Amino acid sequence: METIKLNETPVRTARNFRINNIKLENIEIPNSLSNFKNVTISYDKNKIKVEEKANKVDLAYGLEHTLTEQVKTEANKNITLTIDSKEKAEAKINFKFNEQNKELVDNIEIIAKENTNATVVIEYESTSKVQNFHNGIISVSAKNSANLNLVIINLTNVETNNFLAIQDTIEANAKIIYTIVDFGGKNSITNLYSNLIGKCSENRINTIYLGSKDQLFDLNYIGELRGEKSNIQIEVQGALTDNARKHFKGTIDFKKGCKKAKGNENESCMLLSDTAKSLSLPMLLCSEEDVEGNHSSSAGKVGLKELFYIMSRGFTLKEAMKLMVRARFNEILENIENEEAKEKIINEMNKKLD
Amino acid sequence: MKKTELNEINRNIYDIKNKDEYDFKIKKGLTPEIIKEISIQKNDPDWMRDFRLKALEVYNKLELPSWGPDLSELNMDEIATYVRPKSKLNNSWDEVPEDIKNTFDKLGIPEAEKTSLAGVGAQYDSEVVYHSMKEDLIKQGVIYTDMETAVREYPDLVKEHFMKCVPVNDHKFVALHGAVWSGGSFVYVPKGVKVEIPLQSYFRLNSPESGQFEHTLIIVEENASLHFIEGCSAPKYNKVNLHAGCVELYVKDGAYLRYSTIENWSKNMLNLNTKKAIVGKNAQVDWVSGSFGSKISMLYPMSILNGVGAKTEFTGISFAGKGQNLDNGFKVVHNAPNTSSVVNAKSISKNGGKCTYRSLVRINEMAKNSKSSVSCESLMLDDFSVSDTIPVNDIRTDEVEFSHEAKIGKISDKTIFYLMSRGISEEDAKAMIVRGFAYPISKELPVEYAVEMNNLINLELEGAIG
Amino acid sequence: MSKELLEIRDLYVNAGEKQILQGINLKINKGEIHVIMGPNGSGKTTTANAILNNPEYKKEKGQILFEGENITNSKTDEIARKGIFMSFQLPEEIPGISVTNFLKYAKNKVTGKPVKIFEFKEELKKYMEELSMNSKNMERSLNVGFSGGEKKKNEILQMLVLNPKLAILDETDSGLDVDAIRTVSKGIEMFKNENNAILIITHNTKILHSLKVDYVHVLVNGKIVTTGSQELAKDIEENGYSKYKK
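Residues numbered from 1 in each chain as written. Chains lettered and ligands numbered in written order. Predicted model: local features only at pLDDT ≥ 70, side-chain atom pairs only at ≥ 80, totals over all residues. Heavy atoms only, no water.

**Q** Explain the overall build of chain B to me, please; I cannot follow it from the model alone.
**A** For chain B, the count of helices and strands is 13 helices and 25 strands. Computed over its C-alpha atoms, the radius of gyration of chain B comes to 21 Å, within 12% of the 23 Å expected for a compact globule of 466 residues. Looking at the 466 residues of chain B, the share that counts as buried comes to 67%. In chain B, the proportion of contacts linking residues at least 24 apart, taken out of those at least 6 apart, comes to 84%. Approximately 16,100 Å² of chain B is accessible, and the part contributed by carbon and sulfur atoms is 48%. Looking at chain B, you have 56 positive and 65 negative side-chain charges, and the mean spots of the two groups are 2 Å apart. (Helix = DSSP H or I, 4+ residues; strand = E, 2+ residues; numbered from the N terminus. Rg over C-alpha atoms; globule rule 2.2 N^0.38 Å. Buried < 20%, exposed > 50% of the residue type's maximum accessible area, 1.4 Å probe, protein only. Contact = heavy atoms within 4.5 Å. Areas by Shrake-Rupley, 256 points an atom, 1.4 Å probe, with all protein chains shown as cover. Lys, Arg positive; Asp, Glu negative; His and termini not counted. Charge placed at Lys NZ, Arg CZ, Asp CG, Glu CD.)

Okay, structure coming up:
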């Protein structure tokens, strides 16, 4: 049991704004890990190579030193996916937590070779109510002109501590589209660092989160634009009910030399109870003249007019709320092609909002 | 708009250096003995001397901020915190010593007093040398005087409010201010009195390797209103000067206060200023702020909306040129239902300058049905300047409407082409666009100050773009 | 004095990597109205921008002369001061500068003389009435929040105030309803006299119903493929451009 301080923002602001990092108390970081067996990997065998090993990648940011070291030295699951096909390839990794598989420390490496095109789905889900621990690193390398669709779904239970650090490098003309569904965890702490080094490199991050009970989400997304005409779009949509809290820290950093780069960040939080809390810090850092950066952030209640309209069509208040949240999430959910995964997400959404 | 105005500006106005002549200059550094000496020199009552010594203790305990610009070049051992000019407080410009009066003449203060102000205060180094207000306001019970006089003559009012809005332990430089403060203005507007014409205090720091720590305390009673303007400037020296003023504004129920600032400190100044307003029921405080000078600026005026229906608006612009790091912004805390805040912040970075917009919007649990809308825009004029936007939005209840928007970019080539196709040169087109960009702020200022601001923009732009 | 205002000689222009104009020749004399028509992407807007020397368009070859003077590489503001005006297809929005102040400043630049406020205001008022413009717009920021029609009328107003020798109207009629087109044509009638000239760039023929033009040029793939009288516009209105495409 200990208190840890994690997910530091790249630039600090006043300490009493309480957003530079997140302090968590009584977090048990397990030190002797048993094997995590409940994992299924399905993939197109002639297009993707899967190996049960992964390089120890140095993280530019990461969540916190102890957690990063744990993945590097003690991971109980190492997976490397190498995508090597011009035709559309697919892979799905599913981690199922249960009584026997309570603790997962995973190190996943995804290499999208030049000119490839793939969708990778990674799911973390709990099948029991027992507390789980997840600490993972996903490192992604998108080579020249690669196209990667990366779907990450967190459906762990509300007792779980969920830690995830994602890091990518995007080369010239390559594109990554993230779809991140962050619903699970007592504490769900995510760090996403994107390094857009190539000319015309592109990253689209689409995240939905849904918090209920005492859930805490801390999202720290950092996009560094280095390549000329590089482009990052961050779209984060969420809803919070009960005492749930969310911290969103989004940084778009225009580094010198990223001429004609574009960065857009849009963050919006629906507050469904008067005890839910939304804290956000949408940062724009700029050391280059010829760029376009925008961010917008909003928070508030579901519009009464809209609610009334839906209820006038025979829906109860609860149903109307669900519909509004669903409507807000739909565009991002559309990115998920896997019907089975999508259905699971929608079920979970309905359950949480009941 | 007219070219003629462009040529009239003269940076020299701000750079007039008078001889470093003074009546008394405290030795450099910061010790209890030095504080006691300042207290003796200023003829403080006992409570104020004790207050200063306690503030020094707090100062010694607090650390430098772990964020924002690097302040390591500041060495308090090299700064004289109290410099008494060779002038007593006067209520006629004729009695102000020649060289000091000349400085204020060139800054246009006595002229503005005649044409557009209801009262003027002028501080030179650590003490106020001139203070005067129109007769009819005196009759209505308005008090406008220097802070030292207020401590002597209105001890109860001062004790009740002095450093209660901005407590000494707020941050290190507030504690420093508490220990060494000197000068500044005290304004009291009684219930229901509307002061239609602005009051202005002007702060001038002439002495090298020194600091200015003026304290401004304004109380606007119920249903009263006031427009207060502060201006500041200093000539440039090679070594660091420090400004750590403190502004405390009490805007009581139904009252209105507009606080405008044109800051043009010299580029060796560290401007670590603190400004805060406590706003009552259905009251409103509006901040208008133009930040052009200083080497480093850390300035985040704050509105605390404590009364139901309280409102605040912040309209600000920062313009950072070579060697400048302007870390400015705004803070607002919504503590009551039906409160609202509107923020419109702009910045311009050029010639290697750095602008940061840093802010906090906090809507607390009890602030039901509150609204906040924030808009930030940053203009980059070249590719070796820097512009950062660091806004924190802390929303703690659901019945709110909160929105924040920010944009960063350069002047569009298409817009320049459009203006040039109407016969306007590239330089003029750019200056025109920048002035247009700053217009939402300059239009909030009294006309002479809007002109001064445009002049400052033109001055900053001269030779820098094109 | 020569009647000739503008001459374009064998002009080749690139936009980005793409070659748009491939050898344009055109002569415009005082007192004439010319129309350049052509399908989308044929190079119409490029022609207008090239005359004003927009740096986004690169001239590869050729010359542009105005009153016999080579203006091929002159700066845009110099060209404007020599007496060429362009009405923009998409006028820029400029916050913080009122229409009145902008016009006063531009008039001062173009004429090189101080603007007499009273006369200027009277003149402005007259034109605005003719163009059925809302005088409240004059104190608003230039084009900010203006509707498409208001922006186009504002361009015509600028043309009248600046009174150039050659006015280039780039798709001034596009996106306008019948009433607005009538107002724009009225503005053009007011402007026109024997000492100036107009070059209208358009992809449809509506505006030509209420204007008498002297020459119609058809621009396809960066070349003028045919030149004729107002009849040619009528033919295109009925039959389209297909017979002019290769």
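**Q** I'm lost on helix 3 (residues 99-111) of chain C in this one. Help?
**A** In an α-helix there are 3.6 residues to a turn, and that puts residues three or four apart on one side. Between its first and last C-alpha, helix 3 of chain C extends 18 Å over 13 residues, near the 18 Å set by a 1.5 Å rise per residue. When we look at burial in helix 3 of chain C, the residues that qualify are Val99, Thr100, Phe102, Leu103, Tyr105, Ala106 and Lys107 of chain C. For helix 3 of chain C, the elements touching its buried residues are helix 11 (413-420) and helix 12 (426-442) of chain B together with strand 7 (94-98), helix 4 (117-130), strand 8 (141-142) and helix 5 (148-162) of chain C. Looking at the residues trailing helix 3 of chain C, positive phi occurs at Gly112 of chain C, about 70°. (Expected span 1.5 Å × (residues − 1).)

**Q** Help me understand the arrangement of the chains in this model?
**A** Contacts between protein chains span two pairs of chains, and they are most numerous for chains A and B. In this assembly chain A lies apart from chain C, the nearest approach of their C-alpha atoms being 14 Å.

**Q** Help me out: how do you make sense of the interface of chain B and chain A in this one?
**A** Quite often, the size of an interface is put as the accessible area lost when its parts meet. Opposite the 41 residues of chain B that make contact, chain A presents 42 residues. Between chain B and chain A, the buried area comes to about 3,300 Å², and carbon and sulfur atoms account for 51% of it. When the buried surface of chain B facing chain A is broken down by residue, Asp383, Asp398 and Ile408 of chain B rank first, second and third, together holding 18% of it. On inspection of chain B and its partner chain A, the count reaches six salt bridges. A salt bridge links Lys368 of chain B to Asp274 of chain A, with the nearest nitrogen and oxygen atoms 3.6 Å apart. Residue assignment for the side of chain B that touches chain A shows that the elements contributing at least two residues are strand 22 (354-363), strand 24 (386-395) and strand 25 (400-410) of chain B. With 11 residues, strand 25 of chain B is the largest single contributor of residues to the side of chain B that touches chain A. As judged from the eight bridges shared by strand 20 (residues 292-300) of chain A and strand 25 of chain B, these two strands associate in the antiparallel manner. Its bridge partner lying in strand 25 of chain B, Ser297 of chain A is registered against His404 of chain B. (Buried area = accessible area lost by both parts, 1.4 Å probe. Salt bridge = Lys/Arg side-chain N within 4 Å of Asp/Glu carboxyl O. Pairing = 2+ DSSP bridges.)

**Q** Looking at this model, I keep getting lost on the interface of chain B and chain C. Mind explaining?
**A** Counting from both sides, the interface comprises 20 residues of chain B and, opposite them, 32 residues of chain C. Put simply, chain B and chain C have three salt bridges between them. Taken together, the connections running from chain B to chain C amount to 10 residue pairs in polar contact (both at pLDDT 80 or more). At the level of elements, helix 11 and helix 12 of chain B are the ones that each hand at least two residues to the side of chain B that touches chain C. Top element by residues in the side of chain B that touches chain C is helix 11 of chain B. It accounts for seven residues. (Polar contact = N/O pair within 3.5 Å; in protein donor to acceptor, adjacent residues only side chain to side chain.)

**Q** I would appreciate a short explanation of the side chain of Thr397 of chain B in the present structure.
**A** All names here are of chain B. Within the element layout of this structure, Thr397 appears in the loop between strand 24 and strand 25. The class of Thr397 is buried, set by a relative accessible area of 0%. Polar side-chain contacts of Thr397 include one of 2.7 Å to the side chain of Lys368.

**Q** Even after reading the chapter, I still don't get the packing of aromatic side chains, so can you show me in this structure?
**A** In this description, a pair of aromatic rings is defined by centroid distance and the angle of the planes. Taken as a whole, this structure holds 25 aromatic pairs over all chains when the rule is applied. Ring centres of Phe183 of chain A and Phe329 of chain A lie 6.2 Å apart, and the angle between their planes is 35°; this geometry places the pair in the tilted category. A residue pair is termed long-range when its members are at least 10 positions apart, and Phe183 of chain A in the loop between strand 12 (175-182) and strand 13 (187-196) and Phe329 of chain A in helix 3 (residues 317-333) qualify at 146 residues. Each member of the pair, Phe183 of chain A as well as Phe329 of chain A, carries the same accessibility label: buried. Plain terms: the ring middles of Trp67 of chain B and Tyr300 of chain B are 5.8 Å apart, the flat faces sit at 50° to each other, and that makes the pair tilted. Taken together, the positions of Trp67 of chain B in the loop between helix 4 (46-61) and strand 2 (83-84) and Tyr300 of chain B in the loop between strand 17 (296-299) and strand 18 (302-305) put the pair 233 residues apart, joining distant regions of the chain. Each member of the pair, Trp67 of chain B together with Tyr300 of chain B, is buried. Among the aromatic side chains, those forming a connected cluster through ring pairs are Trp93, Phe104, Tyr124, Tyr130 and Tyr202 of chain B. Seen from the ring of Trp181 of chain B, Lys42 of chain B lies directly overhead, with NZ or CZ sitting 5.9 Å from the centre. A cation over an aromatic ring shows up here: Lys172 of chain B above the ring of Tyr59 of chain B, its NZ or CZ 4.0 Å from the ring centre. (Phe/Tyr/Trp six-rings, centres within 6.5 Å; stacked < 30°, edge-to-face > 60°. Lys NZ or Arg CZ within 6 Å of the ring centre and 35° of its normal.)

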